[in-house]
Amino acid sequence: MLTAVVGINWGDEGKGRMVDLLSGAYDIVLRYQGGNNAGHTVVNDKGKFILNLLPSGILRDETVNVMGTGMVIDLEHLTHEIESLREKGIKIDPSRLVISDRATICMPYHKMMDILEEDRLADKKFGSTRRGIAPVYADKYMKKTLRMGDLLHPEVLKDRLNDLVEWKNLTVAGGYKHEPVDADAMYDWLMKYGEPLRDYIKDTTVYLTQAADAGKNIMFEAQLGALRDIDFGIYPYTSSSSTIAAYAPIGAGIPAKKLDNVIGIMKAYSSCVGEGPFTCEMFGEEADKLRGEGAEYGAATGRARRVGGFDVVASRYGVMVQGATEIALTKLDILSYLDRIPVCVKYDINGVLTDDFPTGVELDMAKPVYEYLPGWKEDITGCRSFDALPKEAQDYVKYIGQVTGCNIKYVSVGAGREEYFEM
Ligand code: GDP
């Protein structure tokens, strides 16, 4: 069984929590895109973990985790993430973690370029996490990056690094007038953080093809949501990678394999980190209350997230581009404080109402059309079945399934591993 678990909205839908829950049924959990620019928060019997780079299956002793071909990996960040998990008693060795030899290395100068450019943009900034993701993907497509497999051949790597740094300094020193990147310091960094990882680096295409052919269950874990996809998201306020399920086999390293199902993670309300159009956004006290109840602060950066009601237009689009076959609805419990539940049912673009998620200037112009559904005003974290939910909460879940056109299979009512039920 090949299953992708993906975000339907802007990210932060609670994917980490659902992957942690579902991963018990999978032999392998892999990440297929992105870097340490987002975080998954997982709370289970071992404690609370924030994972930026490692697949969430790392928290289960019996699961093999793969960092796929489509990822960009900051070696220093990965080293610290591994160390911090080890300190909490998580066993990490090459039998449990495999890193694709084709995955791209995110260098300190990519991070620096990200910061230089965001600072240059000043009030026109993109709201980047400043972790080098856009610069490293740009270099990847310029064919000017190092890949994990290069760490296995340090002498060749050194020559190539020197060429790359010479090229990079045309921009860093020439364009931004910043102190040039020092190739020797970069080499030292690569050796310090890269060498200890060498035993983890493998050809994941061979490994995963064999695993899939042997009937192993593989979970493809996405980072960020559909609306952050470089092609289908709110460009240019997207991430720089493909977050959608269709890309999962490619980014994993097994492009010829087909997914059997796609589990879309959808939050019972909306949140969005950083700049860009967010039509359903709420402001003032209403927003502060929802942000507080939902603890909507970035796992990677601690930034306060923008929040809004459930967005029917964006979520239906997210379900479509993800090709979701089933939905896990998360954080339903957060809405328990509300007398009435705000839902953005349509967009108004210059007086014309639409159900279709627009792009570009039209998206910038879109205004939300809000309606309200009855609230339930009681604690639902203890509910372990649909029937146990108050009637208004049942109606809300049914409504979301109906308007997004997707089958809701799981409902999460708390952060803990057991705080959910299946429909
Ligand atoms: P991700 O990147 O998609 O995993 O999203 P986040 O890192 O923002 O995780 C969502 C946050 O909400 C984490 O702190 C989770 O522990 C928490 N969470 C996930 N599902 C639920 C839920 O159903 N109810 C509550 N109260 N918290 C949840």
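Scroll up a little and you will see the structure.
Residues numbered from 1 in each chain as written. Predicted model: local features only at pLDDT ≥ 70, side-chain atom pairs only at ≥ 80, totals over all residues. Heavy atoms only, no water.

Let us look at the overall build of the protein chain. Within the protein chain, the secondary structure is distributed over twelve helices and 20 strands. With the C-alpha coordinates of the protein chain rotated into their principal frame, the extents come out at 65 × 50 × 40 Å. Here the protein chain, with 423 residues, has 58% of them falling under the buried criterion. Nonlocal contacts in the protein chain, meaning residues at least 24 apart in sequence, comprise 76% of its contacts between residues at least 6 apart. Computed over 49 positive and 62 negative side-chain charges, the separation of the two mean positions in the protein chain equals 1 Å. (Helix = DSSP H or I, 4+ residues; strand = E, 2+ residues; numbered from the N terminus. Buried < 20%, exposed > 50% of the residue type's maximum accessible area, 1.4 Å probe, protein only. Contact = heavy atoms within 4.5 Å. Lys, Arg positive; Asp, Glu negative; His and termini not counted. Charge placed at Lys NZ, Arg CZ, Asp CG, Glu CD.)

Together, Glu155, Asp159, Asp163 and Glu166 make up a negatively charged patch on the protein surface. By the element assignment, aspartate 163 lies in helix α5 (residues 154-175). What makes aspartate 163 exposed here is its relative accessible area of 52%. (Patch = residues over 30% accessible without salt bridge, like charges linked within 9 Å, V, L, I, M, F, W, Y side chains within 5 Å. Areas by Shrake-Rupley, 256 points an atom, 1.4 Å probe, with all protein chains shown as cover. Salt bridge = Lys/Arg side-chain N within 4 Å of Asp/Glu carboxyl O.)

Glancing now at the packing of helix α10 (residues 312-322) against helix α12 (residues 391-404). Two measures define how a pair of helices packs: the angle their axes make with one another and the distance between the axes. Between α10 and α12, whose axes approach to 9 Å, the crossing angle comes to 60 degrees. As summarised for this structure, α10 and α12 are arranged oblique, according to the angle between their axes. As for the relative orientation of α10 and α12, their crossing is right-handed in sense. Taken together, the residues of α12 that come into contact with α10 (itself represented by Val312, Ser315, Arg316 and Val319) are Tyr399, Val403 and Thr404. Its residues assigned to classes, the contact of α10 with α12 shows four nonpolar, two polar and one charged. (Axes fitted to C-alpha atoms, helices over the stretch in contact; angles between N-to-C directions. Parallel < 35°, antiparallel > 145°, perpendicular 65-115°, else oblique. Left-handed = near helix turned anticlockwise from the far one by under 90°. Nonpolar A, V, L, I, M, F, W, Y, C, P; charged D, E, K, R; others polar.)

Taken together, 19 residues surround the ligand, and among them Gly14, Lys15, Gly16, Asp333 and Ser412 come closest. Within the backbone of glycine 14, one N or O atom sits 2.8 Å away from an oxygen atom of the ligand. Contact with the protein chains covers 90% of the free accessible surface of the ligand, which is 590 Å². Of the pockets mapped on this structure, the ligand occupies the second largest pocket. Of all the secondary-structure elements, those providing two or more residues to the shell around the ligand are α1 (15-22) and β3 (40-44). A class-by-class count of the residues in the shell around the ligand yields four nonpolar, eight polar and seven charged. Lining the shell around the ligand are residues from two domains, each supplying at least three of them: domain 1 (2-100 + 213-263) and domain 3 (267-422). (Near = heavy atom within 4 Å. Polar contact = N/O pair within 3.5 Å; in protein donor to acceptor, adjacent residues only side chain to side chain. 1 Å grid on protein atoms, 1.4 Å probe; cavity = no way out; pocket = protein on both sides within 12 Å on 5 of 7 lines; lining within 4 Å. Sits in = over half its atoms within 2 Å of the grid points. Domains from an automatic or database assignment.)

A separate point is the sheet that holds strand β10 (residues 218-225). On the basis of which strands lie adjacent, the open sheet formed by ten strands has the order β9-β7-β5-β2-β10-β1-β11-β15-β19-β20 and mixed pairing. Each having just a single partner strand, β9 (201-202) and β20 (420-422) make up the two edges of the open sheet. Two strands pair when backbone bridges link them, and strand β11 (residues 261-267) and strand β15 (residues 326-330) are joined in this way by five bridges, in the parallel orientation. Paired with isoleucine 265 across the strands is alanine 328, a residue of β15. Strands β1 (2-7), β10, β11 and β15 of the sheet are contacted by α10, whose axis makes an angle of about 160 degrees with β11. Its contacts with the sheet put α12 on β11, β15 and β19 (408-412), and the angle it makes with β19 is roughly 140 degrees. (Pairing = 2+ DSSP bridges.)

Right, let's get into the layout of surface pockets. The space that makes up the largest pocket amounts to roughly 900 Å³. Around the largest pocket sit 41 residues that line it, and Ser128, Ala134, Thr238, Ser239 and Ser240 are the ones nearest its centre. Looking at the lining of the largest pocket, the elements that each hand over two or more residues are α3 (108-121), α4 (133-141) and α5. Per-class residue counts for the lining of the largest pocket are 19 nonpolar, twelve polar and ten charged. (Points joined across faces, edges and corners; volume = space filled by probe spheres on them.)

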